[in-house]
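One-letter residues, chain by chain:
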Amino acid sequence: MASKTSRDVLSRGLGVLRQAIREQPRIFSVAVVGSVLFGGMIIVSARVVGTVIGEVALPAISRGEVGAGTLALAAAALFGISVLRVAGIFGRRLGAGYMQYRLQASYRRRVTRRYLELPLSWHHRNSTGTLLSNANSDVEAAWYPIAPLPFAVGTLVMLVGAIVSLFATDWALALVGLAVFPALFALNVVYSRRMAPRQARAQRLRAEVSGIAHESFDGALVVKTMGREAQETARFAGRAGELRDSLIAVGRLRGVFDPLLETLPSLGTLAVLVVGAFRLRQGAISVTELVSVAFLFTVLAFPVRAIGWVLAELPRSVAGWDRVRRVLDATGEMPYGQRVLDQDGAGAATLTFRDVHFSYPPAEAHQTGAQVLGEVGFTVPAGRTVALVGPTGAGKSTIASLAVRLVDPDSGAVTLDGVDVRELTAASLAGTVALVAQVPFVFDDTVRANIALDRPGIDDEAVWAALRLAEADGFVAALPDGLDTMVGERGTSLSGGQRQRLTLARALAGRPRLLVLDDATSAVDPRVEAAILAGLRSSAAEPGVPVASILVVAYRRATIALADEVIYVEQGRVLARGTHSELLATVPGYVDLVTAYEQAEVERAQESAYGDEVAPLPSGLEIEVDR
Ligand SMILES: Nc1ncnc2c1ncn2[C@@H]1O[C@H](COP(=O)(O)OP(=O)(O)OP(=O)(O)O)[C@@H](O)[C@H]1O
Ligand SMILES: [Mg+2]
């Protein structure tokens, strides 16, 4: 089993190398030419050194005089060979470096682009740590063998040249070469096979360790407030320990094989001297030839290691490549269509859900996903505000995701102005709808960059207009550098409510024709929330600010009351629809929910009225202090 997989690793590793050569054929050729030049010069230098010693140095010593002309010629020959060798090294190194780093950069780009194409369901199944290591250490690992590859290819050519040169010299010495070179090669193969499972395990553990580290840093707040530092450290230490052990296992194998690989060529030199001395006495070879061959074995040892480097990196490369391919070959991306909706000046869009069914993909392949939405149908008419109300887990965020096509329905359809959202181009969809998610995300950048997101046509004026609509202009103006203020990673330097209003302004700056607010103002105090919504509704009156239809997931009575229609969902079904007062009169569940929420709001308001003595508010319920 183990040997079968290792053979598999060898052939698949060679496949990865072929792929690399196919992608960078020219640079690879440059590097191989450099390497072959280097290898050729090694063989030539062995001949020249033999000749210089056998025909210049020895006669000179025995005669006790040195011909100046001969010496100069010998020196010039050795110098010329060195120059060519250096040129070969230069070409090889440069080419190999270019090739390796180009491939890395290109695959990093491909992997990250793929991340953005893959649906949310795929992201839910893959941890951030895994994604980071796929784009980083896995891509690197996949292309590690590229660095020594041209060297190894040049060495193979050189070995063939060396055998030919040996046979031209003496068959007995050639037999020594025929015994040593294949043995070296075989030893390298055995080495890489032994290494395969160890490297694969180390690569997997690397990803796991970075995953755990990422999670604990990301959740630093929870870890600290819950006093979980010790446990988190232990969890990390456990996995880091496994990684250490697996790397030590790799090192131990290296410790056994490296000396063997180092010794074999020296044994070869020894064998050459023994056999050579014998052949010299027989008169079959000259001193020149013996010195040449012995020198050849000495200088060969190093380049032959290049083959070992490639083979030793192959298992890791295959492990990394498999993990990269898993991303590149992942399916489930949502292809965009060709249709484009009118945008600027087209007014608000009409959103329709027609008999939508939806289930999240199961966590495990053999399970079936539970249905989250069934027979959901409703319309948000152009320019109207519709509130989505329902208990926790009812499916409100799922409906919001479907409305902006983060996910597609299993059956039924979501349409914008009568066009199925699946038929729209990515640009048209992004220009028409905007979602402000339940959990606000802020980039580690300036306020301006967070709102404009490099979208064309969003100048400072547009940014301020959006900030005004989101009731965020006040606090942004008060920031030390205004729009140029850096907001810190994930907006950590902002309050929860400020963050929400920043993400709202981001959505508004794109002048969407449909705005989907998923509980997007929960951390804003009720008066401000009502002001924001009222501002969005009446913005038709303001010149330059487009009208948008609004689908808003809401809890507060004041917010809901602003809606033209309320849709009440429970367990993934639309149970009732109508105005707020109609639902209050007819739907008991609705009354309970709205009243319960109002009760909680009142209690919270009372608590904060008591001032500093009360316990801190639960996270996510920060009270605004800047207004
Ligand atoms: N990524 C997911 N994978 C699997 N199930 C999910 C996923 N997201 C949500 N669900 C499930 O779908 C159902 C609806 O979730 P949804 O987030 O739409 O509820 P919600 O109405 O927005 O709740 P809340 O008011 O708490 O935000 C829940 O039962 C939830 O467990
Ligand atoms: Mg939700």
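The structure under discussion appears in the preceding block.
Bear in mind that the values here come from a model prediction, so they are computed numbers and not experimental data.

Caption draft 1: Representation of unusual backbone geometry in the model. For R405, which is not a glycine, the phi torsion comes out positive at approximately 60°. Tracing the backbone through its elements, the reader meets R405 in the loop between α11 (396-403) and β4 (411-416). Using a relative accessible area of 4% as the deciding quantity, one classes R405 as buried. Of note, D519 is a non-glycine position whose phi angle comes to about 55°, a positive value. Within the secondary structure layout, D519 lies in the loop between β7 (514-518) and α17 (526-538).

Caption draft 2: Structural detail: the coordination of the magnesium ion (ligand 2). Distances from the magnesium ion (ligand 2) to its protein donors, S397 (OG) and Q438 (OE1), fall within 1.9 to 2.4 Å. A residue pair is termed long-range when its members are at least 10 positions apart, and S397 in helix α11 and Q438 in the loop between β6 (433-436) and α13 (447-452) qualify at 41 residues. Overall, S397 belongs to the partly exposed group, its relative accessible area being 26%. Given a relative accessible area of 36%, Q438 falls into the partly exposed group.

Caption draft 3: Here's a closer look at the packing of helix α6 (residues 149-169) against helix α7 (residues 171-218). Where α6 meets α7, the closest approach of the two axes is 7 Å, and the angle between their N-to-C directions is 155°. Judged on the interaxial angle alone, α7 and α6 are roughly antiparallel. Contacts from L159, A162, I163, L166 and F167 in α6 reach W171, L173, A174, G177, L178 and F181 in α7. Tallied by class, residues from the contact of α6 with α7 come to ten nonpolar, one polar and no charged.

Caption draft 4: Structural detail: the site of ligand 1. Of all residues adjacent to ligand 1, which total 13 residues, the nearest are G393, K396, S397, T398 and Q438. Take T398: an N or O atom from its side chain is 2.5 Å from an oxygen atom of ligand 1. Separating an oxygen atom of ligand 1 from a side-chain N or O atom of Y555 is a distance of 2.9 Å. Taken by itself ligand 1 offers 630 Å² of open surface, and the protein chains cover 63% of this. In terms of residues, the shell around ligand 1 owes the most to one element, α11, which gives three residues. Of the residues that constitute the shell around ligand 1, the class distribution is five nonpolar, seven polar and one charged.

Caption draft 5: Here's a closer look at the sheet that holds strand β3 (residues 385-389). If you walk across this open sheet you meet the six strands as β6-β7-β8-β3-β9-β10, and the pairing is mixed. Sheet topology places β6 and β10 (573-578) at the edges, where each strand pairs with a single neighbour. Strand-to-strand twist in this sheet, taken as the mean axis angle between neighbours without regard to direction, amounts to 15°. Where β3 lies against strand β8 (residues 549-553), four bridges are found, and the strand directions are parallel. By the bridge assignment, T385 is partnered in β8 with I550. Sheet strands touched by α11: β3, β6, β7, β8 and β9 (565-570). Its angle to β7, the strand with the most contacts, is close to 155°.

Caption draft 6: Representation of the environment of G496 within the structure. You can see G496 is positioned in helix α16 (residues 496-509). Of the residues examined, G496 reaches a relative accessible area of 11% and is grouped as buried. Along the primary structure G496 and F302 are separated by 194 residues, whereas in three dimensions their C-alpha atoms are 61 Å apart.

Caption draft 7: Main features of empty space enclosed by the protein. For the coordinates displayed, the defined rule picks out five cavities of 30 Å³ or more. Every residue lining the largest cavity is listed: I43, A46, R47, S165, L166, T169, S292, V293 and L296. Here the lining of the largest cavity is composed, by residue class, of five nonpolar, three polar and one charged.

Caption draft 8: Focus on the sheet that holds strand β2 (residues 371-380). Spatial strand order, β2-β1-β4-β5: four strands in an open sheet with antiparallel pairing. Lying at the two open borders of the sheet, with one neighbouring strand each, are β2 and β5 (419-420). Pairing analysis gives six bridges linking strand β1 (residues 351-359) to β2, with the strands arranged antiparallel. Considered in β2, the bridge of F358 is made with L373. Each of β1, β2 and β4 touches α11; the most contacted strand, β1, lies at about 120° to it.

Caption draft 9: Just the environment of V9, in detail. When you line up the elements, V9 lands in helix α1 (residues 2-23). Separated by 188 residues in the primary sequence, V9 and P197 have C-alpha atoms spaced 9.4 Å apart. Those residues in contact with V9 that lie beyond four places of it in its chain are A196, P315 and V318.

Caption draft 10: Quick look at the packing of aromatic side chains. On inspection of all chains with the given rule, the structure shows twelve aromatic pairs. For the ring pair F353 and F378, a centre distance of 4.6 Å and an interplane angle of 15° mean the geometry is stacked. Placement of the pair is F353 in strand β1 and F378 in strand β2, with a sequence separation of 25 residues. An aromatic cluster of three or more residues is present, and its members are F38, F151 and W309. Over the face of the ring belonging to Y107 we find R110, whose NZ or CZ atom lies 4.1 Å from the ring centre.

Caption draft 11: Fine view of the pairing of β9. Burial runs high along β9: five of the six residues are buried. Of the strand pairs in this sheet, β3 and β9 are connected by four bridges, and their pairing is parallel. By the bridge assignment, V389 is partnered in β9 with Y568. Pairing of β9 with β10 involves five bridges; the strand directions are antiparallel. Its bridge partner being in β10, V569 is matched across the sheet by V574.

Caption draft 12: Fine view of the nonpolar core. With 67 residues, the main nonpolar core has W143 and F181 as its most contacted residues. Breaking this core down by element, the ones donating at least two residues are α1, α2 (25-63), α3 (68-117), α5 (128-142), α6, α7, α9 (229-282) and α10 (287-328). At 18 residues, the largest contribution of residues to this core is made by α10. Setting aside residues no more than four positions away along its own chain, W143 makes contact with V16, Q19, A20, Q100, L103, Q104, Y107 and W321. In this structure, L508, L517, A563 and Y568 belong to the second largest nonpolar core, which totals 48 residues.

Scoring rules and cut-offs
- Residues numbered from 1 in each chain as written.
- Chains lettered and ligands numbered in written order.
- Predicted model: local features only at pLDDT ≥ 70, side-chain atom pairs only at ≥ 80, totals over all residues.
- Heavy atoms only, no water.
- Helix = DSSP H or I, 4+ residues; strand = E, 2+ residues; numbered from the N terminus.
- Buried < 20%, exposed > 50% of the residue type's maximum accessible area, 1.4 Å probe, protein only.
- Donors = N, O, S within 2.8 Å, 3.2 Å for Na, K, Ca; no water.
- Axes fitted to C-alpha atoms, helices over the stretch in contact; angles between N-to-C directions.
- Parallel < 35°, antiparallel > 145°, perpendicular 65-115°, else oblique.
- Contact = heavy atoms within 4.5 Å.
- Nonpolar A, V, L, I, M, F, W, Y, C, P; charged D, E, K, R; others polar.
- Near = heavy atom within 4 Å.
- Polar contact = N/O pair within 3.5 Å; in protein donor to acceptor, adjacent residues only side chain to side chain.
- Areas by Shrake-Rupley, 256 points an atom, 1.4 Å probe, with all protein chains shown as cover.
- Pairing = 2+ DSSP bridges.
- 1 Å grid on protein atoms, 1.4 Å probe; cavity = no way out; pocket = protein on both sides within 12 Å on 5 of 7 lines; lining within 4 Å.
- Points joined across faces, edges and corners; volume = space filled by probe spheres on them.
- Phe/Tyr/Trp six-rings, centres within 6.5 Å; stacked < 30°, edge-to-face > 60°.
- Lys NZ or Arg CZ within 6 Å of the ring centre and 35° of its normal.
- Core = buried A, V, L, I, M, F, W, Y, C linked by side-chain atoms within 4.5 Å.

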